[in-house]
Amino acid sequence: MPSFVTSRLTRAMPFALLFIGSTVAAAQALQRDTIRVPGLTQPVEVLRDRWGVPHIYARNEHDLFFAQGYSAARDRAFQFEMWRRQATGTMAEVIGRRELNRDHGARLFKFRGSTSADLARYHPHGAAIVGAFVEGVNAYVDEAARDPKLIPAELRMLGIAPGRWTPEVVISRHQGLLGNIEDELHYGRFVAHHGAALLQKTEWFHPAPAPKLDLDPAIDGAALDAPILALYEAFREPMRFQPDDIKLAYRGDTAVARRLAALDSAADADVRWNHRRDIGSNNWVVSGRRTLSGRALMANDPHRAIAAPSLRYFVHLNAPGWNVVGGGEPVIPGISIGHNEYGAWGLTVFSTDGEDLMVYKTNPANYSQYQYKGAWESMRMIRETIAIKGESTREVTLKYTRHGPVVYEDTVRRLAYAVRAAWLEPGGAPYMASLRMDQAKTWEEFRAACSYSNIPGENMIWADVGGNIGWQSVGIAPIRPNSSGLVPVPGDGRYEWAGYLPILEKPHAFNPPEGYIATANNNLTPESYPFHNAIGWEWADAFRFARISEVLGSGRRVSMMDMMRLQTDYTSLIARALVPMLASLSSADPATERARQTLVAWDHVLDKNSVAAGIYEAWFRTLYTNVTNAVVPAPARPMVRGVPAQRIVEWLTSPGGELGVNPLAARDSLLLSSLASAVADLSTRHGADMAEWAWGKDHKAMLRHPMSTALNAQQKALFEVGPWPRGGDGNTVGATGSGEFQTAGASFRLIVEANDWDAALGTNAPGQSGDVSSPHYRDLFELWKNDRYFPVKFSRSAVESVTEARTILAPIHR
């Protein structure tokens, strides 16, 4: 089997030092090295701790961000190159025609405004910071060109080397949490086929009175079934490779790869669709007057796709004016979740609709003209050439209306469709405004920094050394006077936005009387809020939030240990609502009756070793389907994509005539028949012995790599991490999804006690490194899979005590 072991600094460290050993032993094993790097102005010291976190000490701002770019690119070179190629629309050059639509879409949705104006939004020194970060990335790229051993295994399999970056690559929007355009098209199709009333019933749009869902009479509902968003979806899809993409020695079976790719595609779609439903994020802050220590606490566990390498990357940045530690996406300068010497902050998604699908009538005599306010306007056109592996280049024409990129043209019906995207305004690169937050010293400064945070829509929380806590929702929010933003609208001028809501006018709070603030992608906007036409309608079910509030609102003072337990809490409030309905029932079938009794006696905790949890999950899946089928007419069922669990609980708690002539009797019958079906399913898959039905047997974490579908079995075993049984589901605070494999959740976590910075704790599965031959590729998975944490040190002395490698990045003076 080919070897990919190279000589990078972190690779020689023995695994034993990762978790055990005294400070003395660690000091004896300390690695020291000096790397001369052109582009630096002064030496930079990088202390790598035993969990793989780089602590970067620089003497000036330029060198700090240069070193961040250099270090992150070395650790995550494959991710950097994939980001660069997706941002620049050059994947087809490596993969071939299969990626042509991705490249077309990437170029169509490229930010084409002023780069300098864009960079200035993120920080007063935005251009200099991003420029330094790019210089650092390119220093690694040039180093890898001189020393091919530094090229990561994945790129060598593909037969390519890392390419050079520009600031435009950093500010790409392709991987951000951007808006609801795919939902919008789906809702439009649903209304066209089945009506607005049924959509309203099967969704949970709130908080204000029912939004307008009817299509404008000018919209041709039948035309919406076309592949309107194919280019948008292509440029947003995660990268998945196939055997033919890589060198022969590493290839897996093509037929197997196609099946796995189909499963991955379905999982990706499920993650996107259910992000606001049963996969989301949690964060909370607790006032110093509600904690054991008297210091404010901040906890954050953002939930995104879990994979190898990890989506996020811990780093510590220290230079004059900067001292901040935490995590973010490795390709972005600064830190999006973390703390400095004054406060700690975190984020979750706040529903913000920054996209609209605009529909135009086009000129029969010139399809590149569209109707706007009774006149024909010409689309702006840009022509670009796309290189395609194994083929001649392809020229594509990019078209734009006054509202945005044209994604589809229906020449038969004489229609065109464009996406109006607020994230194409200056300041729309994801998380980049974190640079301002990284230097905030007070709640007022933090809130001012938040006012520049356009993308994503987020709940930003704050806890500081004074014991204060705060919440500010952020995100660029169009004001829609004439539409809900939930269905496509004509682009003829009748549905214009009335500007954007100032971010500081979005919901916020400071030191509330409850003594804590919690968010979990749920709605926190009161019905009395005056700007509902600038707030999203789609929110996560409130079960995670309710459980967090239940614990934090108990009146008991809390500690860091309580925060760890709460982040990994598997108590199911849905089970608590539904299982008692079985208490007064009984089944004539012995196996079903035994399962019922097991559930009724259960504590509603979805532990991976719990048999009752396994029965409950099988029951709830079956019950969910049966209730949905009872309420939704058969013709509409194929278009119902995930009824919110809140609706299922409501329909069962207070059943209506849809369930039968006698709703209560029909409900009880449905509860028992669903349980019987679940028992039969579990018996078929695991045998009749109920002791073998533990939830963890049906629910596992398997961190797959983008190359997984392309690799042979030997290579796949090196790149994938897992499987491992998991507890929880998509509606527990410890959110792990509800399928066989956990596809999303909290691979990254951070808990901070303000002013006791060295007590901070984190997780980042599977590890800090993206290099499969590094001991830091998978070392943090062992902790994560058992819901354990590693220390995130901050003071120089504490960092020194856990340092395993010390590297000096030295300038080359010409």
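For clarity, every value in this text was computed on a predicted model and none was experimentally measured.

(A) Expanded view of the overall build of the protein. Helix and strand content of the protein: 25 helices and 32 strands. In terms of overall dimensions, the protein is globule-like: its C-alpha atoms have a radius of gyration of 27 Å, near the 28 Å expected for 814 residues. Its C-alpha atoms put the protein at 85 × 70 × 60 Å along the principal axes. Split into buried and exposed, the 814 residues of the protein put 63% on the buried side. Look at the contacts in the protein between residues 6 or more apart in sequence, and 74% of them connect residues 24 or more apart.

(B) Structural view of helix 3 (residues 77–88). The terminal C-alpha atoms of helix 3 lie 16 Å apart, and with 12 residues this matches the ideal 16 Å at 1.5 Å per residue to within 8%. Most of helix 3 sits inside the fold, with 11 of its 12 residues counted as buried. Residues of helix 3 that are buried: Ala-77, Phe-78, Gln-79, Phe-80, Glu-81, Met-82, Trp-83, Arg-84, Arg-85, Gln-86 and Ala-87. Among the structural elements, helix 2 (61–75), helix 4 (92–95), helix 5 (100–108), helix 7 (126–146), helix 8 (153–158) and helix 9 (167–170) are those in contact with the buried residues of helix 3. Two residues or fewer after helix 3 comes Gly-89, characterised by a positive phi angle close to 65 degrees.

(C) Geometry of the sheet that holds strand 7 (residues 313–319). With respect to topology, 11 strands assemble into an open sheet ordered 1-32-2-3-7-8-9-10-18-19-23, the strand pairing being mixed. Unpaired on one side and paired on the other, strand 1 (31–37) and strand 23 (508–510) mark the two borders of the sheet. Between one strand axis and the next, the sheet turns by 20 degrees as a mean value, whatever way the strands run. As judged from the six bridges shared by strand 18 (residues 458–464) and strand 19 (residues 469–474), these two strands associate in the antiparallel manner. The residue of strand 19 that forms the bridge with Ile-461 is Trp-471. Sheet strands touched by helix 2: strand 1, strand 2 (44–49), strand 3 (54–57), strand 7, strand 8 (322–328) and strand 32 (803–811). Its angle to strand 7, the strand with the most contacts, is close to 160 degrees.

(D) Highlighting the side chain of Arg-48. Relative to the helices and strands, Arg-48 resides in strand 2. A polar contact is formed between the side chain of Arg-48 and the backbone oxygen of Gly-52, at a distance of 3.2 Å.

(E) Inspection of the pairing of strand 5 (residues 297–301) at higher detail. With five of five residues buried, strand 5 lies mostly within the body of the structure. On strand 5, burial covers both faces: Leu-297, Ala-299 and Asp-301 on one face and Met-298 and Asn-300 on the other are all buried. Judged from the five bridges that link them, strand 4 (residues 282–286) and strand 5 form a sheet pairing that is antiparallel. Residue Asn-283 lies in a different strand from strand 5, and its bridge partner there is Asn-300. One ladder, built from four bridges, connects strand 5 with strand 29 (residues 748–753); its direction is antiparallel. Bridge pairing in strand 29 places Asn-300 opposite Leu-750.

(F) Quick peek at the nonpolar core. Counting 125 residues, the largest nonpolar core has Leu-158, Trp-165, Phe-241, Phe-446, Leu-703 and Leu-809 as the members making the most contacts within it. The biggest single contributor to this core is helix 7, with 10 residues. The contacts of Leu-703, once residues within four sequence positions are left out, are Ile-306, Ala-307, Ala-308, Glu-720, Val-721, Ala-765, Pro-766, Phe-781 and Trp-784. With 94 residues, the next largest nonpolar core counts Phe-109, Tyr-400, Val-579 and Leu-682 among its residues.

(G) Broad picture of helix 20 (residues 611–631). Taking 1.5 Å per residue, 21 residues should reach 30 Å; helix 20 reaches 30 Å between its end C-alpha atoms and fits that length. For helix 20, the N-terminal capping position is held by Ser-610, with its side-chain oxygen 3.4 Å away from the main-chain nitrogen of Ala-612.

(H) How the structure looks around the pattern of salt bridges. What the rule picks out here adds up to 46 salt bridges. Between Arg-547 and Asp-569 there is a salt bridge, and its shortest N-O distance comes to 3.0 Å. Taken together, the residues Arg-547 in helix 16 (residues 543–552) and Asp-569 in the loop between helix 17 (560–567) and helix 18 (573–578) connect sequence positions 22 residues apart. The exposure classification of Arg-547 matches that of Asp-569, with both residues buried. Here Arg-685 and Asp-681 are joined by a salt bridge, their closest N and O atoms 2.9 Å apart. Of this pair, Arg-685 and Asp-681 both sit in helix 22 (residues 663–686), separated by four residues, roughly a single helical turn.

(I) Seen up close, the packing of aromatic side chains. Inspection of the entire model under this criterion finds 28 aromatic pairs. Between Phe-109 and Phe-235 the ring centres are 5.0 Å apart and the planes differ by 5 degrees, which places this aromatic pair in the stacked class. Of this pair, Phe-109 sits in the loop between helix 5 and helix 6 (115–122) while Phe-235 sits in helix 12 (residues 230–236), and the two are 126 residues apart along the sequence. Taking the relative accessible area as the measure of exposure, Phe-109 reaches 2% and is therefore buried. For Phe-235, a relative accessible area of 3% puts it in the buried group.

(J) Molecular detail of the packing of helix 20 against helix 22. One way to put it is that helix 20 packs onto helix 22 with a least axis distance of 8 Å and a crossing angle of 125 degrees. Classified by the angle between their axes, helix 20 and helix 22 sit oblique to one another. Here the hand of the crossing between helix 20 and helix 22 comes out right-handed. Here Gly-614, Ile-615, Ala-618, Trp-619, Arg-621, Thr-622, Leu-623, Asn-626 and Val-627 of helix 20 come into contact with helix 22, specifically with Leu-670, Leu-671, Ser-674, Leu-675, Ser-677, Ala-678, Leu-682 and Arg-685.

(K) Representation of the confidence of the model for the protein in the model. Looking at the protein, pLDDT values average 93 and 93% of them are 70 or higher. Across residues 1–27, confidence stays below pLDDT 50; counting only partners more than four residues off in sequence or on other chains, it has 62 contacts. Contacts of residues 266–276 to residues separated by more than four positions or lying in other chains number 27 contacts, the stretch itself having pLDDT below 50.

(L) Region of the structure containing the sheet that holds strand 24 (residues 516–519). With antiparallel pairing, the six strands of this open sheet are ordered in space as 24-4-5-29-30-31. A strand with exactly one partner marks an edge of an open sheet, and here the two such strands are strand 24 and strand 31 (790–791). Relative to strand 30 (residues 761–764), strand 29 is paired through four bridges, and the arrangement is antiparallel. Considered in strand 30, the bridge of Phe-748 is made with Asn-764. Against the sheet, helix 16 touches strand 4 and strand 24, its axis set at about 20 degrees to strand 4.

(M) The environment of Ile-535, seen in detail. Examined against the element boundaries, Ile-535 turns out to sit in the loop between strand 24 and helix 16. Ile-535 gets classed as buried once you look at its relative accessible area, which sits at 5%. Separated by 327 residues in the primary sequence, Ile-535 and Ala-208 have C-alpha atoms spaced 9.7 Å apart. Dropping the residues within four chain positions of it, Ile-535 is found in contact with Phe-350, Ser-351, Lys-506, Pro-507, Thr-525 and Tyr-529.

About the criteria used
- Residues numbered from 1 in each chain as written.
- Predicted model: local features only at pLDDT ≥ 70, side-chain atom pairs only at ≥ 80, totals over all residues.
- Heavy atoms only, no water.
- Helix = DSSP H or I, 4+ residues; strand = E, 2+ residues; numbered from the N terminus.
- Rg over C-alpha atoms; globule rule 2.2 N^0.38 Å.
- Buried < 20%, exposed > 50% of the residue type's maximum accessible area, 1.4 Å probe, protein only.
- Contact = heavy atoms within 4.5 Å.
- Expected span 1.5 Å × (residues − 1).
- Pairing = 2+ DSSP bridges.
- Axes fitted to C-alpha atoms, helices over the stretch in contact; angles between N-to-C directions.
- Polar contact = N/O pair within 3.5 Å; in protein donor to acceptor, adjacent residues only side chain to side chain.
- Core = buried A, V, L, I, M, F, W, Y, C linked by side-chain atoms within 4.5 Å.
- Salt bridge = Lys/Arg side-chain N within 4 Å of Asp/Glu carboxyl O.
- Phe/Tyr/Trp six-rings, centres within 6.5 Å; stacked < 30°, edge-to-face > 60°.
- Parallel < 35°, antiparallel > 145°, perpendicular 65-115°, else oblique.
- Left-handed = near helix turned anticlockwise from the far one by under 90°.
- pLDDT = per-residue confidence, 0-100.

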